[in-house]
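Residues per chain are reported as follows:
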Amino acid sequence: MMGSGKTTVGKIMAQVLGYSFCDSDALVEEEVGNSVADIFKHYGEAFFRDKETEVLHKLSLMRRFVISTGGGAVIRPINWKHMHKGVSVWLDVPLEALAQRIAAVGTNSRPLLHYEAGDAYTRALLKLSALFEERGDSYANANARVSLEKIAAKLGQRDVSKLSPTAIALEALEQIEVFLKEEDNNYAER
Ligand SMILES: Nc1ncnc2c1ncn2[C@@H]1O[C@H](COP(=O)(O)OP(=O)(O)OP(=O)(O)O)[C@@H](O)[C@H]1O
Ligand SMILES: O=C(O)C1=C[C@@H](O)[C@@H](O)[C@H](O)C1
């Protein structure tokens, strides 16, 4: 989901693993020569989604990369075909915490949130809730789920917004290991 920390947490994971990092939105911007907001404005969402699929296909051929995908990449089944070439992680952040972060930085670079009415927090929360309603099941296709609520409970913290990106990255790496071990066990049982 947008603002969930894919870039911030993904860069830490790449550093820990000694992998390269890439952001699929940034790659679309580079290829089209426009910002995501301008691509939505001038060419429309469908054009952006086609470019996003092309970029995810290219990235799926790379090795030793941590990739931060666009928050809406989950909606197209073809994108899952590409994402499942690697291990996918869902950063599950409560919507209220997401809306707080997004309200703090503004919605200019996030075109799907930009045209709502009301104060920044409320409009982000309303739109994020609607998007999550549409997409919740799709995020669950990810191989590993990193729930900020679970990390907070584990660390005895009440407020998910106090969790450091490093703590979240470490949990993501742990969840990936759990997934890979399960895969190994399933393979051995076959
Ligand atoms: N654990 C965290 N605690 C507090 N703020 C955070 C945390 N992780 C990320 N942020 C902040 O939230 C905002 C969004 O983070 P980031 O850009 O990493 O998310 P994203 O999922 O890549 O977003 P998008 O897909 O919309 O580009 C940034 O301002 C970032 O500094
Ligand atoms: O959630 C979404 O649909 C989006 C998230 C961003 O990362 C960008 O890919 C774009 O703004 C669309």
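Scroll up a little and you will see the structure.
Let me sum up the structure you'll find in this document. As the structure is a computational prediction, the values presented were derived from the model and not from experiment.

## Points about the site of ligand 2
Line of reasoning, step 1. Around ligand 2 lies a shell of twelve residues, among which Asp 25, Arg 49, Gly 71, Leu 112 and Arg 135 are the nearest.
Line of reasoning, step 2. Note that an oxygen atom of ligand 2 is positioned 3.1 Å from one of the backbone N or O atoms of Gly 71.
Line of reasoning, step 3. A distance of 2.7 Å separates an oxygen atom of ligand 2 from a polar side-chain atom of Arg 135.
Line of reasoning, step 4. Contact with the protein chains removes 96% of the 310 Å² of surface that ligand 2 exposes when unbound.
Line of reasoning, step 5. Where the shell around ligand 2 is concerned, the elements lending two or more residues are α3 (36-43), α4 (45-60) and α7 (111-114).
Line of reasoning, step 6. In the shell around ligand 2, the residues fall into six nonpolar, three polar and three charged.

## Thoughts on the packing of aromatic side chains
Line of reasoning, step 1. Summed over all chains, the structure comprises five aromatic pairs.
Line of reasoning, step 2. Ring centres of Trp 90 and Tyr 139 lie 6.0 Å apart, and the angle between their planes is 20 degrees; this geometry places the pair in the stacked category. With a gap of 49 residues between them, Trp 90 in strand β3 (residues 89-92) and Tyr 139 in helix α8 (residues 120-139) connect regions that are remote in the sequence. Side by side, Trp 90 and Tyr 139 carry an identical accessibility label, which is buried.

Conventions we followed
Residues numbered from 1 in each chain as written. Chains lettered and ligands numbered in written order. Predicted model: local features only at pLDDT ≥ 70, side-chain atom pairs only at ≥ 80, totals over all residues. Heavy atoms only, no water. Near = heavy atom within 4 Å. Polar contact = N/O pair within 3.5 Å; in protein donor to acceptor, adjacent residues only side chain to side chain. Areas by Shrake-Rupley, 256 points an atom, 1.4 Å probe, with all protein chains shown as cover. Helix = DSSP H or I, 4+ residues; strand = E, 2+ residues; numbered from the N terminus. Nonpolar A, V, L, I, M, F, W, Y, C, P; charged D, E, K, R; others polar. Phe/Tyr/Trp six-rings, centres within 6.5 Å; stacked < 30°, edge-to-face > 60°. Buried < 20%, exposed > 50% of the residue type's maximum accessible area, 1.4 Å probe, protein only.

Nothing here speaks to function; it is all geometry.
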